[in-house]
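The primary structure of each chain is shown beneath.
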Amino acid sequence: MCGIVGYIGKASAKPILLNALSTLEYRGYDSCGIAIRNDSIDIYKDIVRVEVMQKESPTLNGTTGIGHTRWATHGEPSSTNSHPHTDCSGKFAVVHNGIISNFQKLRQQLIAEGHVFTSETDSEVIPHMIEKYYDGVLEEAVQAALDEIEGSYAIAVLTADEDILIAARKDSPLIIGVGDGEMFIASDVPAVLDYTDRVIYLEDRDLAVITKDSFKITSDGTEIKRAEHRATWSKEDVQKAGYEHFMLKEINEQPRVIQNTIGDYLVSGEPSSDAEFKFDEELRDLSIVACGTSYHAGLVGKYIIEELHGIPVRVDLASEFNHGRRMIPTSMAIAITQSGETADVLSTLKRFREESVRTVAITNVPGSSASRVANDTIYTKAGPEVSVAATKSFIAQLISLYQFTLSCPGLHRGIRESLLAELRQMPNKIEQVLDGACRIVNVAKFLAKHDNVFFIGRGINHPIALEGALKLKEISYIHAEGYAAGELKHGSIALLQENTPIIAIVANDNTRDAMISSINQAKARSAPVIALADEDDEDIGSLVDYVIRLPRTGNMFTPVTNAVALQLLAYHTAKHRGCPIDFPRNLAKSVTVE
Ligand code: AGP
């Protein structure tokens with residue numbers, strides 16, 4: 001949930017740490033801070049964004065340091081709660097991502113032993129524990145501290161005593177970037193791409209002692225080797241490329257994202273020979289788990305798999321799955337997670353694994369925890385998604401689910417071929433939606449004036465109504481609810497009046513008549529209606545206030561075009577309202593706490 005970085009080498013550490021931190025702000029941006037080793041340890045931290053710190057922080061000399069960008073869990077965003085934290089002597093500085101569940105007990109013990117705390121965070125116990133156990137060998141003191149900690153952590157530790165860094169992880173991601181005479185620590189690969197593409201993924205319980213020329217990794221005290229990987233993403237992938245916001249760039253990348261995700265499959269109708277995942281059993285039943293936007297992709301998946309394979313598909317919010325709920329037997333479980341690091345999803349995956357259920361992760365991040373926990377991985381290949389609001393990763397998840405559904409055995413050949421032909425059209429259909437963006441801007445101007453909005457959809461587009469509402473509230477701060485259109489009349493219709501717009505997804509399928517009926521019910525309560533409808537739907541114009549026209553698309557694939565239109569609508573509405581689109585308040589992209 002927070003982003004951590006470390007640098008040890010020959011260059012000035014401060015600009016490198018701040019540059020690396022700026023690429024990790026999607027993980028949290030309540031405050032940030034750095035610690036640099038000089039003769040002692042100098043710390044600068046504040047409740048500002050990294051960009052401000054780059055301009056305003058004092059000169060800090062030194063070629064070894066650590067940094068942090070925070071998403072507050074324990075203690076409000078404040079300068080004292082910001083990381084790095086230190087022990088009483090100021091000899092050790094620590095940055096931490098994760099949650100220490102037994103910190104109250106440890107803190108009380110340490111206070112009784114004379115340690116003085118300055119923050120409300122759980123993280124501050126770590127430097128004090130290191131101080132307690134330090135006997136001249138930092139590695140041993142850190143290991144002793146970690147042995148007493150319960151919960152999750154990725155940490156980087158700096159000491160005034162010697163020119164080394166320590167990195168360690170459990171249930172929170174951490175990588176080492178290997179340079180030439182310099183080394184990096186980071187929560188995620190994009191942070192080091194300006195400097196190196198050589199990456200080591202640390203595993204749970206790994207502890208690394210890092211100098212500028214070497215590193216040694218131990219796992220529970222035993223030295224261990226971890227493979228070096230070449231990063232597949234480039235630094236251009238994490239730049240705005242002239243767009244005003246990452247979100248707009250990422251929306252516009254979607255035709256290419258589809259090609260990258262299943263390019264070979266689109267051409268041949270067969271999974272590519274180097275595909276990471278091939279499924280050759282007939283599906284009996286399926287469980288899908290995910291959170292947020294990825295959960296909405298799972299709901300679309302349920303619809304298409306049940307429809308095409310006639311098997312039961314259960315979709316659960318991973319955040320609801322883990323707390324004492326009974327496991328219902330299933331032959332296969334799919335976890336959908338853009339980041340591959342969402343704590344709730346990882347716990348669920350582990351539960352399935354314990355029950356010997358075959359697990360598949362659909363994830364966007366190579367080497368992510370989900371890909372290492374699951375038996376198999378389907379990579380969505382959306383490229384790095386920086387904006388907190390998920391857009392291209394959602395479309396890539398949908399496309400992966402279509403591919404999965406079409407490639408599972410048991411589907412009638414003719415049906416498969418005709419759906420494949422429609423799938424092939426999708427990059428082009430999305431191009432057409434993007435070309436119509438200027439018309440969506442006008443609707444956004446209208447929407448931006450309102451405080452409450454309903455999104456309604458039916459059938460396969462019900463999850464898209466949920467997703468449209470999530471996107472709008474997340475980045476524009478307008479209260480929005482996604483609804484199954486037929487449910488409005490069972491209660492929420494009481495809220496409709498002239499200042500409560502309805503956004504109705506009018507699919508040209510067997511739900512159309514019922515949707516028109518829902519629209520009429522809303523109009524009868526004076527609610528303004530914005531419809532998403534086919535370009536050739538002639539009747540809709542006279543029924544509603546605004547129409548967003550979309551290219552006609554095969555019934556199974558309308559979630560894709562509708563979702564892209566709603567992403568654009570959310571984006572332009574937030575822009576009209578002057579919101580910080582890429583980094584909305586209170587949020588972080590990767591939710592590594594339960
Ligand atoms: C969507 O815009 C959100 N940022 C959020 O709902 C996100 O989809 C959710 O936190 C799940 O993340 P994941 O896909 O990385 O697991």
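Everything in this summary refers to the structure shown in the same document. (Residues numbered from 1 in each chain as written. Predicted model: local features only at pLDDT ≥ 70, side-chain atom pairs only at ≥ 80, totals over all residues. Heavy atoms only, no water.)

### Looking at the pairing of strand β4 (residues 64–70)
A regular strand carries its side chains on alternate faces of the sheet.
Reasoning step 1: Counting buried positions over the seven residues of β4 gives seven, a clear majority of the element.
Reasoning step 2: Covered by surrounding structure in β4 are Thr64, Ile66, His68 and Arg70 together with Gly65, Gly67 and Thr69, the residues of both alternating faces.
Reasoning step 3: With six bridges connecting them, strand β1 (residues 3–8) and β4 associate as antiparallel partners. In the strand pairing of β4, glycine 6 is matched with isoleucine 66.
Reasoning step 4: By the bridge criterion, six bridges tie strand β2 (residues 31–37) to β4 in an arrangement that is antiparallel. Directly across from alanine 35, in β4, lies its bridge partner isoleucine 66. (Buried < 20%, exposed > 50% of the residue type's maximum accessible area, 1.4 Å probe, protein only. Helix = DSSP H or I, 4+ residues; strand = E, 2+ residues; numbered from the N terminus. Pairing = 2+ DSSP bridges.)

### Considering helix α18 (residues 558–576)
Reasoning step 1: The terminal C-alpha atoms of α18, which comprises 19 residues, lie 27 Å apart, in line with the 27 Å expected from a rise of 1.5 Å per residue.
Reasoning step 2: Taking burial as the measure, the 19 residues of α18 include 17 buried ones, the bulk of the element. (Expected span 1.5 Å × (residues − 1).)

### Side note on the pattern of salt bridges
Reasoning step 1: Evaluation of the coordinates by the stated rule reveals 29 salt bridges.
Reasoning step 2: The partner of arginine 512 in a salt bridge is aspartate 537, with the nearest N and O atoms 2.7 Å apart. Of the two residues, arginine 512 sits in helix α17 (residues 512–523) while aspartate 537 sits in the loop between β24 (529–534) and β25 (546–550), which places them 25 residues apart along the sequence.
Reasoning step 3: For arginine 552, the salt bridge identified is with aspartate 536, shortest N-O distance 3.1 Å. One end of the pair, arginine 552, is in the loop between β25 and α18; the other, aspartate 536, is in the loop between β24 and β25, with 16 residues separating them in the sequence. (Salt bridge = Lys/Arg side-chain N within 4 Å of Asp/Glu carboxyl O.)

### Here we look at the sheet that holds strand β18 (residues 332–337)
Reasoning step 1: Taken in spatial order, the five strands of this open sheet run β17-β16-β18-β19-β20, and their pairing is parallel. Of all strands in the sheet, those with a lone pairing partner are β17 (313–317) and β20 (376–379), marking the two edges. Within the sheet, the average angular offset between the axes of one strand and its neighbour, ignoring direction, is 20 degrees.
Reasoning step 2: The sheet strands contacting helix α8 (residues 292–309) are β16 (286–290), β17 and β18, and the helix crosses β17 at an angle near 170 degrees.
Reasoning step 3: Packing of helix α10 (residues 343–354) onto the sheet brings it into contact with β16, β18 and β19 (358–363), and relative to β18 it is tilted by some 165 degrees. (Axes fitted to C-alpha atoms, helices over the stretch in contact; angles between N-to-C directions. Contact = heavy atoms within 4.5 Å.)

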